[in-house]
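Here are the chains, one letter per residue:
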Amino acid sequence: MRIQKTYIVLLFFSLFTATASAQTLDQARTMFSNGNYAKAAPVFQKYVKSQPANGNYNYWYGVCCLRTGKPAESVKYLETAVQKKVTGGRLVLGEAYDKLYRFEEAVSCYEEYIDDLKKKKQATTSAEKLLEKSKVGLRMLKGVEKVSVIDSFVVDKAKFLSVYKISEESGRIYSFNEYFESEGEHPGTVYETELANKIYYGDKGKGQKLHIYTQNKLQDEWGKESLLPANINTGGNTNYPFVLTDGVTIYYASDDANSIGGYDIFVSRYNTSTDSYLAPENVGMPFNSPFNDYMYVIDEFNNLGWFASDRFQPEDKVCVYVFIPNTSKQTYNYESMDHKELGILAQLSSLKATWADKAAINEAKQRLIVAQSHEPQTQKKADFNFVIDDNRTYHHLGDFKYATARDLFQRYQQKAKECQQQEQRLEALRLQYATASAAKKEQLAPSILDLEKRVLQMRQELEDDAVKVRNTEKQHLK
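A brief report on the enclosed structure follows. Small disclaimer: the values here were computed from a predicted structure and weren't measured.

1. Notes on the nonpolar core
- Counting residues in each nonpolar core, the largest one holds 53 residues, and the members touching the most others are Phe160, Tyr164, Ile173, Met295 and Trp306.
- For this core, the element with the most residues is strand E15 (residues 317–323), which contributes 6 residues.
- Other than its neighbours up to four places away in sequence, Phe160 contacts Val155, Tyr240, Tyr294, Met295, Ala308, Val318 and Val320.
- With 38 residues, the next largest nonpolar core counts Tyr61, Ala96, Leu100 and Tyr110 among its residues.

2. Focus on the sheet that holds strand E13 (residues 293–299)
- Taken in spatial order, the 4 strands make up an open sheet running E1-E15-E14-E13, and their pairing is antiparallel. For this open sheet the edge positions go to strand E1 (149–156) and E13, each flanked by a neighbour on one side alone. When strand polarity is set aside, the average angle formed by the axes of neighbouring strands in this sheet is 15 degrees.
- In this structure, E1 lies alongside E15, joined through 7 bridges in antiparallel fashion. Bridging from a neighbouring strand, Val154 pairs with Cys319 of E15.
- The strands touched by helix H11 (residues 358–373) within the sheet are E1, strand E14 (304–309) and E15, with E1 carrying the most contacts at an inclination of about 35 degrees.

3. Focus: the packing of helix H12 (residues 403–434) against helix H13 (residues 438–477)
- Look at H12 against H13: their axes get within 9 Å of each other, and the N-to-C directions meet at 160 degrees. Looking at the two axes, H12 sits roughly antiparallel to H13. As H12 packs across H13, the resulting crossing turns out to be left-handed.
- Of the residues that constitute the contact of H12 with H13, the class distribution is 18 nonpolar, 4 polar and 13 charged.

4. Thoughts on the layout of surface pockets
- Quantified by volume, the largest pocket comes out at close to 1,400 Å³.
- In this structure, the largest pocket is lined by 47 residues; those nearest its centre are Asn197, Lys198, Asn216, Gln420 and Gln424.
- Looking at the lining of the largest pocket, the elements with two or more residues in it are strand E4 (198–204), strand E5 (210–218), strand E7 (226–227), strand E11 (276–277), strand E16 (386–389), H12 and H13.
- The greatest single-element share of the lining of the largest pocket, amounting to 7 residues, is contributed by H12.
- Looking at the lining of the largest pocket, its residues break down into 21 nonpolar, 16 polar and 10 charged.
- Empty space within the second largest pocket amounts to approximately 840 Å³.
- Taken together, 34 residues form the lining of the second largest pocket, with Leu161, Ser162, Tyr174, Ser175 and Glu178 sitting closest to its centre.
- Elements that contribute at least two residues to the lining of the second largest pocket include exactly strand E2 (172–175) and helix H9 (176–180).
- Tallying contributions element by element places E2 first for the lining of the second largest pocket, with 4 residues.
- Residue composition of the lining of the second largest pocket, by class: 14 nonpolar, 12 polar and 8 charged.

5. Observations regarding the packing of aromatic side chains
- Throughout the structure, instances matching the rule amount to 38 aromatic pairs.
- When the ring of Tyr191 is compared with that of Tyr200, the centres are 6.4 Å apart and the planes differ by 35 degrees; the resulting orientation is tilted. Just as Tyr191 is buried, Tyr200 falls in that class too.
- With a centroid separation of 5.9 Å and 20 degrees between ring planes, the pair formed by Tyr201 and Tyr213 is classed as stacked. Residue Tyr201 is located in strand E4, and its partner Tyr213 is located in strand E5; the two are separated by 12 residues in the primary sequence.
- These aromatic residues form a ring-pair network of at least three members: Phe32, Tyr37, Phe44, Tyr47, Tyr57, Tyr59 and Trp60.
- Sitting over the face of the ring of Tyr433, Lys441 holds its NZ or CZ atom 5.4 Å from the ring centroid.
- Cation over ring: Arg470 sits above Phe386, and NZ or CZ is 4.8 Å from the ring centre.

Analysis parameters
Residues numbered from 1 in each chain as written. Predicted model: local features only at pLDDT ≥ 70, side-chain atom pairs only at ≥ 80, totals over all residues. Heavy atoms only, no water. Core = buried A, V, L, I, M, F, W, Y, C linked by side-chain atoms within 4.5 Å. Buried < 20%, exposed > 50% of the residue type's maximum accessible area, 1.4 Å probe, protein only. Helix = DSSP H or I, 4+ residues; strand = E, 2+ residues; numbered from the N terminus. Contact = heavy atoms within 4.5 Å. Pairing = 2+ DSSP bridges. Axes fitted to C-alpha atoms, helices over the stretch in contact; angles between N-to-C directions. Parallel < 35°, antiparallel > 145°, perpendicular 65-115°, else oblique. Left-handed = near helix turned anticlockwise from the far one by under 90°. Nonpolar A, V, L, I, M, F, W, Y, C, P; charged D, E, K, R; others polar. 1 Å grid on protein atoms, 1.4 Å probe; cavity = no way out; pocket = protein on both sides within 12 Å on 5 of 7 lines; lining within 4 Å. Points joined across faces, edges and corners; volume = space filled by probe spheres on them. Phe/Tyr/Trp six-rings, centres within 6.5 Å; stacked < 30°, edge-to-face > 60°. Lys NZ or Arg CZ within 6 Å of the ring centre and 35° of its normal.

Structure representation (structure tokens):
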């Protein structure tokens, strides 16, 4: 009985020490090594107060501050650690400067750290990657876009899409699980066009990396998924697609080597003449940061823009910003501005600092209120939209009350699919004709003319078939 009680006491003690904060320096160092920075921090804070010149105490506490989302507080201690020549101090100080948009100082830190590694004949690859990111951040800081951010909402990261209130005219966005009715944790998002005939979505490919795919809907059936090209689906994770109503401009987020930290937002455009996407561009600051930035959406109908960022947020939270989209990009003058003020604008730490036109801000806020109060109709469940009469529109085969009408409609669907395929073939021939030589044009012309006649005939047949379906169903409804 005594042995059992001793076991229970020991078990309770081990569970308590695993969950409680550190009490001694040795416990704090163990927790620090295991990445439990929040629990280790109080002990290091106590020791650094008692011995403020101790390099190790400053380093440990500074790292704890940085890793628990307090980079501004970490700098003082990490700078002391560097002065005391603590190993690795410059590397972490560079990261802290990076988080605070002090990119020039971060660059200097990384360069000095790399010089130290070279003297010791140690590998510099990882440090050089961090140095390059800081240089990219510095270039972005010199080109911060003037944009008015009218509001922001801090929400649970898992439910951040619920904050986006965009018009039906701009399409719809879903989580992967919601759209595909799947289970389990899946970080992918889905963008569906206004007509619900095309989707873009993030899904896991080979190596479990996220890539963006697209699918087209032909009548009531989805075609095969297609992977967007390699200049968009690069070596990192690629997700959060959104396409403007022009059907050409795509925004998405990627955490590849061209990002300054975590996910960055990029934009590309589809080139119809070459059936390819142009080289993606990083949208820059203030939209991107050394943190994760993603799900950039432009609601052209409401003239409002949205994007999400976990900059300076707890691990389970994300901030969704709402802004007024610019018709053309204008940037602040880095050389003539106070760099601290520019940092505030780049970080979006003060939304009011971005409000140049108060009238435009008030109008946008009113549009946001209207957008938030509007409940958009969802068309995701509709298989098709077939008008029977002024009072009835069918969306599923099960909506048909008369079996004969249902059979006629299915034949109509198959013919419509064949017509669409011929239309796509005709469009491809026309594009080929537009850039062809004179001899090639002469060769293509007869095929184009024949196909045009065939498409016109198929369209007329479809109209006749649609009328027949409607009349057959309405006779039964009477």
